[in-house]
Amino acid sequence: MTAAEMIKSHPDLALDPDALVSCIDAARQAATATTACADACLAEDMVADLRTCIRRCLDCADIAATTASVLSRQVAMDLGLVRVVLEACAVAAKRCAVECELHADMHEHCRICAQACGELYATSRSLLETLRDEGVPQPDER
């Protein structure tokens, strides 16, 4: 069963289903890519030079997995909280993408990870824009 099938069949959708599914899928892909990239970095001879990359990957993996979970739950969705989660996700994805891009010429796993994180950044920002379009208040406006 795919995220698209589950989300689109839900009777209580709070967000645009296409943007939501894109972000969930990108978050799951990035969680896998960043975990695998951190693991691959640990296997590199120059592992000490990759400490920041490993850290960015692991942070992004956790935040991406959490984002996918939060976005998958539709009932009584707290859109202010969703906004904060998406903002954190976008920041983590961007930082990881930038760091992995620094190593992409030397490590294929970093190139792949940077691409996955770039996609997560784009889909997170896109979903955030749909929240703005719907007039969802900032978390501190509640």
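Everything numeric in this text was worked out from a predicted model, so none of it was measured. (Residues numbered from 1 in each chain as written. Predicted model: local features only at pLDDT ≥ 70, side-chain atom pairs only at ≥ 80, totals over all residues. Heavy atoms only, no water.)

Q: What exactly am I supposed to notice about the overall build of the protein chain here?
A: The secondary structure content of the protein chain amounts to 5 helices and 0 strands. Moving toward the C terminus, one meets the helices and strands of the protein chain in the order α-α-α-α-α. By its C-alpha atoms, the protein chain is 50 × 35 × 20 Å across when sized along the principal axes. At a minimum sequence separation of 6, the contacts of the protein chain that also span at least 24 residues come to 74%. A distance of 4 Å separates the average location of the 13 positive side-chain charges in the protein chain from that of its 23 negative side-chain charges. (Helix = DSSP H or I, 4+ residues; strand = E, 2+ residues; numbered from the N terminus. Contact = heavy atoms within 4.5 Å. Lys, Arg positive; Asp, Glu negative; His and termini not counted. Charge placed at Lys NZ, Arg CZ, Asp CG, Glu CD.)

Q: Would you take a moment to explain the confidence of the model for the protein chain for this structure?
A: Low-pLDDT portions of the prediction should not be read for the details of their coordinates. The predicted model of the protein chain has a mean per-residue pLDDT of 90, with 92% of residues at 70 or higher. Looking over the protein chain, one finds the lowest element-wise mean pLDDT in helix α1 (residues 3–9), namely 76, and the highest in helix α3 (residues 51–72), namely 97. (pLDDT = per-residue confidence, 0-100.)

Q: Can you help me understand the packing of α3 against helix α4 (residues 79–103) in this one?
A: Between two packed helices, the angle of one axis relative to the other and the distance separating the axes together describe the packing. Interaxial distance between α3 and α4 falls to 8 Å at its minimum, and their mutual angle equals 150°. The angle between the axes of α3 and α4 places the two elements in the roughly antiparallel class. In this structure, α3 meets α4 at a crossing whose hand is left-handed. Taking contact as the criterion, the partners of T52, C53, R56, C57, C60, I63, A64, T67, V70 and L71 in α3 are, on α4, V82, V85, L86, A88, C89, A92, A93, R95, C96, E99, C100 and H103. (Axes fitted to C-alpha atoms, helices over the stretch in contact; angles between N-to-C directions. Parallel < 35°, antiparallel > 145°, perpendicular 65-115°, else oblique. Left-handed = near helix turned anticlockwise from the far one by under 90°.)

Q: Would you mind showing me how to read the packing of helix α2 (residues 17–43) against α3 here?
A: The contact between α2 and α3 brings their axes to 8 Å, and the two run at 155°. Accordingly, the angle class assigned to the pair α2 and α3 is roughly antiparallel. At the point where α2 passes α3, the crossing takes the left-handed sense. Counted by class, the contact of α2 with α3 contains 20 nonpolar, 3 polar and 1 charged residues. (Nonpolar A, V, L, I, M, F, W, Y, C, P; charged D, E, K, R; others polar.)

Q: I would appreciate a short explanation of the pattern of salt bridges in the present structure.
A: Between side chains of opposite charge, a pair can form as their charged atoms come close. Tallied over the entire structure, the rule returns 2 salt bridges. The closest approach of N and O atoms between E108 and R111, which form a salt bridge, is 2.6 Å. In this pair, E108 and R111 both sit in helix α5 (residues 108–133), 3 residues apart, roughly one turn of the helix. (Salt bridge = Lys/Arg side-chain N within 4 Å of Asp/Glu carboxyl O.)

Q: Explain the nonpolar core here, please?
A: It is characteristic of soluble globular proteins that their nonpolar side chains tend to be buried jointly. Among the nonpolar cores identified, the biggest contains 43 residues, and C100 and L120 are the most heavily contacted of them. Elements that contribute at least two residues to this core include exactly α1, α2, α3, α4 and α5. (Core = buried A, V, L, I, M, F, W, Y, C linked by side-chain atoms within 4.5 Å. Buried < 20%, exposed > 50% of the residue type's maximum accessible area, 1.4 Å probe, protein only.)

Q: Even after reading the chapter, I still don't get the environment of T32, so can you show me in this structure?
A: Its place among the elements puts T32 in helix α2. Assessed through its relative accessible area of 55%, T32 is described here as exposed. It is 9.9 Å that separates the C-alpha atoms of T32 and C57, two residues lying 25 residues apart in sequence.

Q: Would you mind going over α3 with me for this structure?
A: Each α-helix winds once per 3.6 residues, and so residues spaced three or four apart point in a common direction. Over its 22 residues, α3 extends 32 Å from the first C-alpha to the last, a length consistent with the 32 Å expected when each residue adds 1.5 Å. Among all positions of α3, only C53, I54, C57, C60, A61, A64, T67, A68, V70 and L71 are buried. (Expected span 1.5 Å × (residues − 1).)

Q: Sorry if this is basic, but what is going on with the environment of G118 here?
A: If you trace the backbone, G118 turns up in helix α5. Residue classification places G118 among the partly exposed positions, given a relative accessible area of 30%. Considered as a pair, G118 and A38 are 80 residues apart in the sequence and their alpha carbons are 16 Å apart.

Q: I would appreciate a short explanation of the state of the cysteines in the present structure.
A: Formally, a disulfide is one covalent bond, and it connects the sulfur atom of one cysteine to the sulfur atom of another. Summed over the entire model, instances satisfying the criterion amount to 0 disulfides. Free cysteine C37: the closest other cysteine sulfur is in C110, separated by 3.8 Å. With a relative accessible area of 1%, C37 lands in the buried category. Free of any disulfide, C89 has its nearest neighbouring cysteine sulfur in C23, separated by 5.8 Å. Overall, C89 belongs to the buried group, its relative accessible area being 1%. (Disulfide = S-S within 2.5 Å.)

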